[in-house]
There are 4 protein chains.
Amino acid sequence: MTLRVGVIGTGMIGRDHIRRLTRVVSGAEVVAVSDANEQVAKEVASGLPDATVHVSGEDLIGDERVDAVLVCSWGPTHEAYVLASIAAGKAVFCEKPLATTREACRKILDAESAHGSRLVQVGFMRRYDESYRALKDVIDSGRIGAPLIYFSSHRNPSVPEHYTKDMAIVDTAVHDFDVTRWLLGEELAAIRVVAAKANSLGKDLQDPLLMILETASGVLVNVETSVNIRYGYDIRGEVVGETGTAALADRGLVVLRTGNQVGVAVPEDWRQRFIAAYDVEFQEWVNAVASGEGATGPSAWDGYAAQVVCDAGVEALYSGDRVEIDLGVKPALYG
Amino acid sequence: MTLRVGVIGTGMIGRDHIRRLTRVVSGAEVVAVSDANEQVAKEVASGLPDATVHVSGEDLIGDERVDAVLVCSWGPTHEAYVLASIAAGKAVFCEKPLATTREACRKILDAESAHGSRLVQVGFMRRYDESYRALKDVIDSGRIGAPLIYFSSHRNPSVPEHYTKDMAIVDTAVHDFDVTRWLLGEELAAIRVVAAKANSLGKDLQDPLLMILETASGVLVNVETSVNIRYGYDIRGEVVGETGTAALADRGLVVLRTGNQVGVAVPEDWRQRFIAAYDVEFQEWVNAVASGEGATGPSAWDGYAAQVVCDAGVEALYSGDRVEIDLGVKPALYG
Amino acid sequence: MTLRVGVIGTGMIGRDHIRRLTRVVSGAEVVAVSDANEQVAKEVASGLPDATVHVSGEDLIGDERVDAVLVCSWGPTHEAYVLASIAAGKAVFCEKPLATTREACRKILDAESAHGSRLVQVGFMRRYDESYRALKDVIDSGRIGAPLIYFSSHRNPSVPEHYTKDMAIVDTAVHDFDVTRWLLGEELAAIRVVAAKANSLGKDLQDPLLMILETASGVLVNVETSVNIRYGYDIRGEVVGETGTAALADRGLVVLRTGNQVGVAVPEDWRQRFIAAYDVEFQEWVNAVASGEGATGPSAWDGYAAQVVCDAGVEALYSGDRVEIDLGVKPALYG
Amino acid sequence: MTLRVGVIGTGMIGRDHIRRLTRVVSGAEVVAVSDANEQVAKEVASGLPDATVHVSGEDLIGDERVDAVLVCSWGPTHEAYVLASIAAGKAVFCEKPLATTREACRKILDAESAHGSRLVQVGFMRRYDESYRALKDVIDSGRIGAPLIYFSSHRNPSVPEHYTKDMAIVDTAVHDFDVTRWLLGEELAAIRVVAAKANSLGKDLQDPLLMILETASGVLVNVETSVNIRYGYDIRGEVVGETGTAALADRGLVVLRTGNQVGVAVPEDWRQRFIAAYDVEFQEWVNAVASGEGATGPSAWDGYAAQVVCDAGVEALYSGDRVEIDLGVKPALYG
């Protein structure tokens, strides 16, 4: 009954997920690892009771003991590992991005469709966060009427040196795009990107950005990315409906009254904010795969759609224009 | 139509009320002043368009131009000025205390009863605070069912050198006692006082104190005084009803997100917290007196009851016992 | 020392301001009224101690007893009354709009400039609201760094039958435009307007709207108007700065815990939300005019700028384009 | 490495913990069950992969496959099962109460002391709740200075028919007692109990109650139990320190603006409020026992102390007196 997982990529994220699968999640074990740096893979394996080290991801995927594959390697390698997993008929959890181009994502859609059932899940963890889930429940309950506008603010205290201006869209806002599609239950159809006066703390970037998206039915989505805002890692969202609004609440656990202020803490980084969501994400994935139900979380189609919206966003950032988003035909497998 | 007020006592509070009557409140002017320090009274008068300086409060009360009297002098003098105002048939607003002993308060009740209509109002400004008024509205609406417990916290950042331990009851908690009687619409019947471990920032006092009072119908009232708590001047209150609770909200105007905290400001002192309540208190007093309706705010009976509860509280503080509060007969004038 | 005010227009708003000047504000009286409907003006005057009824606004302005003029008549008449007041050298408080066209506003700027000192004040009451003032204090304090984005949400439960889609800009968002200019201390330079999916509760309008404005220095301003949102009259604003954010707090006075919810009340209408701001606005106007300081609040230039932004907004609504805002030369009087 | 647990008592709570151990917690399996109703035990076992049904708890404890025992049976049976587990040298997790009398608890302390290391853990799950843990972190950080008062409110929407007035202390407030000892890191030394006016929704009980406790160092602890308050299951706590206060925050995930209210949800029952705490409690217990570290959570001493405080509380309820709490000598094993 225990799901035997093989992990490709044992960098920081891979190791964190290995810890999660072995010490937090019920019903899973890690039986194989591989990494571009074989030495690292060996060290990781030595801390596990019974894990084989493979020289390549492909070998790992072919290992008979491996029931399901977890891809945590460098983005450009995702396409090949996901396709190989599908070819082997094995469930595969792929950290974002699903692949780095629209065309590569399409190949995966085609391969999974040919296989005939869902094997692929993409790591959009926000869908497993209890706050976002409660927000979706409120929307779906009709308590605020039909959604008309969604405000999403994505604030990071700072970004690393190598962060480029495209990354505000491709790495940062991509989470807002996915969670919007999921919350509203429809596709994004157009995007504009407008840069505000630059934050002097990150001046080579265009930061903050405001992105105005439109869904297929006309809901407006307003995404703010502020990636040098210092005060905390703050993920905010408010849905404006016909008769009311619903917003993610601040999550501080203790109301502190000191120094003429009363308030709660804001998370310091994404780990602190989303650690519980990762735990739920993996428990649900393990349960679904182990039960034979297959992948039930974000699909290859979701990974593809996110990629297409990001492409349009980057185009809009450089052109200043409103760019339409054309997803093309949705294969039947994705309902 | 303008109410001509004479002010006895031109210390800090007297001067603040003169500013209020002449520059904030509509329909009033200050036509006479007096003070134990005549020089101060003269300086204050020189800033007013047409104010007479009297050598005594009694002279001021006798001045024909004075329609109504405001008593802001030292506590022990209140009794005489209030009685003289009643004798003159003039409306009188007396800052707390109404008088410094139970017997003196009784004399005032008798004099006003003999006069036959209300002339006296006591300065319990919390009844004019918009938050307390909203709290009373909720209680009276029945939205939380019958009140069963009331928690009242009175927190000061610090107290002056001359503050003695009795003052936590007589000067500080007296406001909680009055506002409780008004919120719940009934008298207090017993009091216990328990001292917590002493705050090292004010160690010669017994601070904080917890007072457990019972109303005539059995509602429990829990008053906390913390008078060295540094973080702010924070007045809190929560009524526990049969089906819900209602509490004074924090009143900060701006939600600030900085330095990994999100929250609002807490007032620094009582002026900041209650300045608007004083303005409303005086506007309503001026309106009521000018219209011939007489005093409609806290009555001499309220001043008397507060005094009797304070006496019982001091006794309970020293004895450690539960002390019953016996107000005696309530004159018909006070309904 | 009492400021004698003449009121042109005794409809609902005029009568409310007359009540305010005579019963709330200190230092003012209403000595003259006029209205297109003379019968109404007479009824209003009959409730005042000593007020003359004039057959025209021009007569009222010419009345020697009138120190200052308050214009509350129908928008298209404002220009003439303001110009006549300037010609008479009298202070004039004009409810919005200052005038209904850019050209008319320019005439007023020219006339007041020729006069050589400020006489005109425009009724943008939000600048007197304690929450907005606290927000401006935080911005000016530097506690959140330089402002980069401002989110302003203007939500009405419903609008009357005669409300047209332009009015979301000209009547509703105009307040957001003015308060943005004041909060940020700079001019608006461009505007885009995007309509969301229409609220079915007000479907002939384009409601809600999202307006994306840019200030002269590049701050982005995001104005949401939702004028059929049912849940309440809710005015929200959040400034995103370089290192933190500051937002208008909810203003409910009582935290209620009932029926598995904990929260505070949202205002039902604009009167409830801004009544205190109107009081402060008029007290400060009376003080400034009576002291000879002249008008210190929103100026004719502010009224003109609001008009020009509204014109651009309406153009952007119909064209779908980004429209630049050109205010032209600012007369020296407005520094 | 997997911890093999035997579960005594397969009623509602036992079954919930079995689900938790097998489907939520990592590193455990359930290998044996027993219940007074053997039929129920068999049904539960049939849903598990490999669980033996024992006719008695003693047999289960003696089963070689059982590494650790979980006691979820009826309270009066706890003493015997815990003592048998100690005799067998096996770790035992006992739901509250540890035993139903002070003397029985003492026997357990003696037995465990004779064994020489900790085997017993008592089910006080609040210590695993993230909010209480954050509150303890704030206290320990010194950010609010030394604690002086602790307010704890325990509110239930309703209680079952069989709930008696002692149960407000023994079943309800016992959690407040334990969490207070843990938060403050010291023992409770005295207790008074005062009944408020009775809630008409539960009139045969004395409800609500106010309990005023004193710790060894003089901190006052104010426990309110309101067990018919309808609006929700609401666990509140505020520590008043020398320079500030810290309180459990409301935990609603979505801020809803509807019907002129803005706020968040309050939990409906204890499951909703503490489900995550139970998960953490068992994961940490499994980790500690499996690692050979033994029980690290609430000890037999904590179970004993809770029982002694409850006894004093019941005495205080009936007598109306202040009752001192005498724990006697603390065995060396409990530090």
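Since this is a predicted model, take the numbers as computed values, not measurements.

1. Notes on the overall build of chain A
Here's step 1: If you tally the helices and strands in chain A, you get 9 helices and 15 strands.
Here's step 2: The C-alpha atoms of chain A give 20 Å as radius of gyration, which agrees with the globular expectation for 335 residues (20 Å, within 12%).
Here's step 3: Counting only residues that meet the buried cut, chain A has 56% of its 335 residues in that class.

2. Description of the interface of chain B and chain A
By a widespread convention, an interface's size corresponds to the accessible area lost as its parts come together.
Here's step 1: Each partner contributes residues to the interface: chain B has 15 residues there, and chain A has 15 residues.
Here's step 2: The biggest single contributor to the side of chain B that touches chain A is strand β14 (residues 261–265) of chain B, with 5 residues.
Here's step 3: Sheet topology places strand β14 (residues 261–265) of chain A next to β14 of chain B; 5 bridges connect them, and they run antiparallel. Across the sheet, residue G263 of chain A finds its bridge partner in β14 of chain B, namely G263 of chain B.

3. Some points on helix α9 (residues 300–319) of chain D
Residues and elements named next belong to chain D.
Here's step 1: With 20 residues, α9 should cover 28 Å at 1.5 Å per step; its first-to-last C-alpha distance of 29 Å lies within 8% of that length.
Here's step 2: Buried residues dominate α9, accounting for 14 of its 20 residues.
Here's step 3: Immediately beyond the C-terminal end of α9, within one or two residues, lies G320, with a positive phi of roughly 80°.

4. A word on the relation of the copies chain B and chain A
Here's step 1: When chain B is brought onto chain A, the operation consists of a screw motion whose angular component is 180° and whose axial shift is 0.0 Å, with 0.1 Å RMSD remaining. On this basis, the relationship between the two copies can be described by a two-fold rotation axis. Considering only C-alpha atoms, the part of chain B nearest the rotation axis is G263 of chain B, at 1.9 Å.
Here's step 2: Residue by residue, 100% of the interface of chain B is reproduced at the interface of chain A, so both copies engage with the same surface.

5. Let's talk about the relation of the copies chain C and chain A
Here's step 1: Least-squares fitting of chain C to chain A yields an RMSD of 0.0 Å, with the superposition described by an axial translation of 0.0 Å and a rotation of 180°.
Here's step 2: Mapped onto chain A, 100% of the interface residues of chain C again fall at the interface, so both copies present the same surface.

6. Looking at the sheet that holds strand β5 (residues 91–94) of chain D
Backbone hydrogen bonds are what pair the strands of a sheet, in a parallel or an antiparallel way.
All names here are of chain D.
Here's step 1: As summarised here, the arrangement of the 6 strands in space is β3-β2-β1-β4-β5-β6, forming an open sheet in which the pairing is parallel. If you trace the sheet from one side to the other, it starts and ends with β3 (52–54) and β6 (120–122), each paired once. On average, adjacent strands in this sheet sit at an angle of 25° to one another, irrespective of strand direction.
Here's step 2: Summarising the sheet, strand β4 (residues 68–71) and β5 pair through 4 bridges and their orientation is parallel.

7. Digging into the interface of chain C and chain A
Here's step 1: Taken together, the 25 residues of chain C in the interface contact 25 residues of chain A.
Here's step 2: Where the side of chain C that touches chain A is concerned, the elements lending two or more residues are β7 (147–155), β9 (209–215) and β10 (220–226) of chain C.
Here's step 3: Counting residues per element, the side of chain C that touches chain A draws most heavily on β10 of chain C, at 4 residues.
Here's step 4: Residue composition of the side of chain C that touches chain A, by class: 13 nonpolar, 8 polar and 4 charged.

8. Considering the packing of helix α5 (residues 102–115) of chain A against helix α9 (residues 300–319) of chain A
Residue and element names in this part refer to chain A.
Here's step 1: Two elements in contact, α5 and α9, have axes whose closest approach is 9 Å; the angle formed by their N-to-C orientations is 165°. Our classification of the angle between α5 and α9 gives roughly antiparallel. The way α5 lies across α9 gives a crossing that is left-handed. Packed against α5, whose contacting residues are R102, C105, R106, I108, L109 and E112, the element α9 presents A300, W301, G303, Y304, Q307, V308 and D311 at the interface.
Here's step 2: Partitioned by chemical class, the residues of the contact of α5 with α9 number 7 nonpolar, 2 polar and 4 charged.

9. A word on the packing of helix α4 (residues 78–87) of chain C against helix α5 (residues 102–115) of chain C
All names here are of chain C.
Here's step 1: Following both chains from N to C, one finds α4 and α5 inclined at 5°, their axes separated by 10 Å at the closest point. Relative to α5, α4 is oriented roughly parallel. Seen from α4, the contacting residues are E79, V82, L83 and I86; seen from α5, they are A104, K107, I108, A111, E112 and H115.
Here's step 2: Of the residues that constitute the contact of α4 with α5, the class distribution is 6 nonpolar, 1 polar and 3 charged.

10. Some thoughts on unusual backbone geometry
Outside of glycine, negative phi angles account for most residues, and trans bonds account for most peptide bonds.
Here's step 1: Cis geometry marks the peptide bond from K96 of chain B to P97 of chain B, where omega comes out at 0°.
Here's step 2: Its location among the elements puts P97 of chain B in the loop between β5 (91–94) and α5 (102–115).
Here's step 3: Omega for the bond connecting D207 of chain C with P208 of chain C falls within 30 degrees of zero, at 0°, which places this linkage in the cis form.
Here's step 4: Even without being glycine, R230 of chain A reaches a positive phi, approximately 65°.
Here's step 5: With respect to the helices and strands, the residue R230 of chain A is situated in the loop between β10 (220–226) and β11 (234–241).

11. Here's the deal with the pairing of strand β10 (residues 220–226) of chain B
All names here are of chain B.
Here's step 1: Summarising burial for β10: 7 of the 7 residues are buried, a large majority.
Here's step 2: Every second residue of β10 is oriented toward a common face, with L220, N222, E224 and S226 on one face and V221, V223 and T225 on the other, all of them buried.
Here's step 3: Bridge analysis of strand β7 (residues 147–155) against β10 gives 7 bridges, and the strand direction is parallel. Its bridge partner lying in β10, I149 is registered against L220.
Here's step 4: Looking at chain direction, strand β9 (residues 209–215) and β10 are connected through 6 bridges and run antiparallel. Note that in β10 the partner of L210 across the bridge is E224.
Here's step 5: Here β9 hands over to β10 after 4 residues, with G218 in that stretch at a positive phi of 105°.

12. A look at the environment of E58 of chain B
All names here are of chain B.
Here's step 1: Within the fold, E58 resides in helix α3 (residues 57–62).
Here's step 2: E58 sits in the partly exposed class, given 16 other C-beta atoms within 10 Å.
Here's step 3: For the pair E58 and V82, spaced 24 residues apart in sequence, the C-alpha to C-alpha distance is 10.0 Å.

13. Thoughts on the sheet that holds strand β3 (residues 52–54) of chain A
Residues and elements named next belong to chain A.
Here's step 1: Pairing in this open sheet of 6 strands is parallel, and the strands run β3-β2-β1-β4-β5-β6 from one edge to the other. Where the open sheet ends on each side, the last strands, each with one partner, are β3 and β6 (120–122). The mean angle between the axes of side-by-side strands here comes to 25°, regardless of whether they run parallel or antiparallel.
Here's step 2: Sheet topology places strand β1 (residues 3–8) next to strand β4 (residues 68–71); 4 bridges connect them, and they run parallel. By the bridge assignment for β4, G6 is matched with V69.
Here's step 3: Each of β1, β2 (28–34) and β4 touches helix α1 (residues 12–23); the most contacted strand, β2, lies at about 155° to it.
Here's step 4: Where helix α8 (residues 270–290) meets the sheet, its contacts fall on β1, β2, β4, β5 (91–94) and β6, and the angle it forms with β1 comes to roughly 125°.

Rules used throughout
- Residues numbered from 1 in each chain as written.
- Chains lettered and ligands numbered in written order.
- Predicted model: local features only at pLDDT ≥ 70, side-chain atom pairs only at ≥ 80, totals over all residues.
- Helix = DSSP H or I, 4+ residues; strand = E, 2+ residues; numbered from the N terminus.
- Rg over C-alpha atoms; globule rule 2.2 N^0.38 Å.
- Buried ≥ 20, exposed ≤ 12 C-beta atoms within 10 Å, placed from the backbone.
- Contact = placed C-beta atoms within 7 Å.
- Pairing = 2+ DSSP bridges.
- Expected span 1.5 Å × (residues − 1).
- Least-squares fit on C-alpha atoms with pLDDT ≥ 70 in both.
- Axes fitted to C-alpha atoms, helices over the stretch in contact; angles between N-to-C directions.
- Nonpolar A, V, L, I, M, F, W, Y, C, P; charged D, E, K, R; others polar.
- Parallel < 35°, antiparallel > 145°, perpendicular 65-115°, else oblique.
- Left-handed = near helix turned anticlockwise from the far one by under 90°.

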